[in-house]
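# Understanding the architecture of this molecule
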Amino acid sequence: MKRQIIDTIKAFETIIIHRHVRPDPDAYGSQQGLKEIILANYPEKKVFAVGEHDASLSFMAQPDEIADDMYDNALVIVTDTANTERVDDQRYTKGKMVIKIDHHPNDDAYGDLLWVDTTASSCSEMIYALYEEGKAVASWQLTDAAARLLFAGIVGDTGRFQFPSTTAKTFKVASELITYDFDRNQIFDGMYEMEQKLLNLQGYIYQNFTMDEHGAAYVKLTKELLAEYNTVPSEASLLVGCLGSVKGICAWVVFIEEVDQIRVRLRSKGPVINTLAKEFNGGGHPLASGATAYSWEEADHVISRLQEMCKAYH
């Protein structure tokens with residue numbers, strides 16, 4: 001499949017790369033890293049990375065803005081996006097051909113060409129594997145800029161190599177990437193430094209989360225609370241992992257209220273939770289998933305189901 005993708009990239013003059021809404025470092029890393037790789041090896045091609053910009057990821061890259069007619073006869077590649085509803089910028093269908101590159105479960109098998117590897121720690125790790133294939137068959141080169149983006153994506157999706165998705169292959173790829181010339185401290189600072197208001201909100205989470213005897217935990221962040229801490233939902237989402245350091249925790253959910261819905265952020269240290277996410281308009285990885293609730297009553301149903309799962313796990 002990697003060879004087919006490389007041959008397809010060679011064949012198109014214009015390539016437009018998409019990723020998922022509410023992006024994380026792996027979304028930017030895989031999308032922008034692939035753009036850098038293609039441009040480095042085919043400088044005559046027009047290559048764009050599109051989608052709404054997230055200011056918290058400005059340290060990584062800035063998306064391109066393009067007109068609709070750029071999609072005429074273009075190759076569209078969508079990275080790190082499990083289903084079509086989550087593709088940022090729905091113009092992705094306007095191209096001549098669509099390639100899906102992803103590491104989430106393939107519940108929505110969209111695209112003309114699909115490469116899905118659920119064993120990969122991140123989509124950025126997959127893009128590095130694509131580069132390795134390109135190096136072998138077409139003498140591809142990897143630039144410092146591309147290496148920096150892929151490294152940031154891998155760090156983000158592995159939680160600094162702490163998540164179970166991190167494999168020996170992940171460490172091998174990371175060890176190759178750090179031989180390139182980029183500032184790792186700048187990446188870590190951009191990813192993990194927090195404004196004081198977010199640290200204050202994190203303090204609220206630590207003081208107010210609820211956990212039962214089976215390690216099922218939750219905290220509710222209402223619109224009013226976010227306003228009190230002068231934060232927006234996308235900033236609050238950066239704190240979802242913080243409960244992972246609580247001793248005895250099995251799985252947890254952070255509810256983040258938006259204008260017309262409640263974001264359900266699920267994390268686990270054991271029970272498979274993407275099945276639960278699917279029950280509530282979502283999905284994702286076995287131990288890190290997202291869903292949507294439309295009332296606090298529905299949110300309470302999520303809590304009940306999570307408590308059942310943690311009890312059964314024990």
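See the structure printed just above.
Definitions and cut-offs
- Residues numbered from 1 in each chain as written.
- Predicted model: local features only at pLDDT ≥ 70, side-chain atom pairs only at ≥ 80, totals over all residues.
- Heavy atoms only, no water.
- Core = buried A, V, L, I, M, F, W, Y, C linked by side-chain atoms within 4.5 Å.
- Buried < 20%, exposed > 50% of the residue type's maximum accessible area, 1.4 Å probe, protein only.
- Helix = DSSP H or I, 4+ residues; strand = E, 2+ residues; numbered from the N terminus.
- Pairing = 2+ DSSP bridges.
- Right-handed = clockwise from strand over helix to strand, strands pointing away.
- Contact = heavy atoms within 4.5 Å.
- Axes fitted to C-alpha atoms, helices over the stretch in contact; angles between N-to-C directions.
- Parallel < 35°, antiparallel > 145°, perpendicular 65-115°, else oblique.
- Left-handed = near helix turned anticlockwise from the far one by under 90°.
- Salt bridge = Lys/Arg side-chain N within 4 Å of Asp/Glu carboxyl O.

Moving on, we get to the nonpolar core. Core analysis: the biggest nonpolar cluster contains 47 residues, and Ile9, Ile15, Ile77, Ile101, Leu142 and Leu177 have the highest contact counts within it. Among the elements that line this core, the one with the most residues is helix 4 (residues 144-158), at 8 residues. Of all hydrophobic cores here, the second largest spans 20 residues; its members include Ala216, Ala291, Val302 and Leu306.

A word on the pairing of strand 2 (residues 46-49). For strand 1 (residues 14-18) and strand 2, the ladder comprises 4 bridges, and the chain directions are parallel. The partner of Ile16 across the bridge, within strand 2, is Phe48. A crossover connection joins strand 1 to the parallel strand 2 through helix 2 (residues 25-41); in handedness this β-α-β unit is right-handed.

Glancing now at the environment of Trp140. Positionally, Trp140 belongs in the loop between helix 3 (123-138) and helix 4. Taking the C-alpha atoms as reference points, Trp140 and Met194, 54 residues apart in sequence, are found 37 Å from one another. In contact with Trp140, not counting residues within four places along its chain, are Ile6, Ile9, Ile37, Asn41, Tyr42, Leu130, Tyr131, Gly134 and Lys135.

With their axes 8 Å apart at the nearest point, helix 2 and helix 3 run at an angle of 20° to one another. Relative to helix 3, the element helix 2 lies roughly parallel. Handedness of the crossing formed by helix 2 with helix 3: left-handed. Residue-level contacts link Asp26, Gly29, Ser30, Leu34 and Ile37 of helix 2 to Cys123, Ser124, Ile127, Leu130 and Tyr131 of helix 3.

So, about the pattern of salt bridges. Evaluation of the coordinates by the stated rule reveals 12 salt bridges. One salt bridge in this structure joins Arg91 and Asp89, with 2.9 Å as the shortest N-O distance. Note that Glu279 is salt-bridged to Arg305, the shortest N-O span being 2.7 Å. Here the residue Glu279 occupies a position in helix 10 (residues 274-279), and Arg305 occupies one in helix 11 (residues 296-313), the gap between them amounting to 26 residues. For Glu279, a relative accessible area of 42% gives the class partly exposed. One network of salt bridges, with partners in common, ties together Asp68, Asp89 and Arg91.

Moving on: the sheet that holds strand 2. Whenever strands of a sheet pair, they do so through backbone hydrogen bonds, lying parallel or antiparallel. On the basis of which strands lie adjacent, the open sheet formed by 5 strands has the order 2-1-3-4-5 and parallel pairing. Of all strands in the sheet, those bounded by a partner on one side alone are strand 2 and strand 5 (113-116). Here the average twist between neighbouring strands, direction ignored, is 15°. Inspection of the sheet shows strand 4 (residues 97-102) paired to strand 5 by 4 bridges, in the parallel sense. Pairing of Lys100 across the sheet is with Leu114, part of strand 5.

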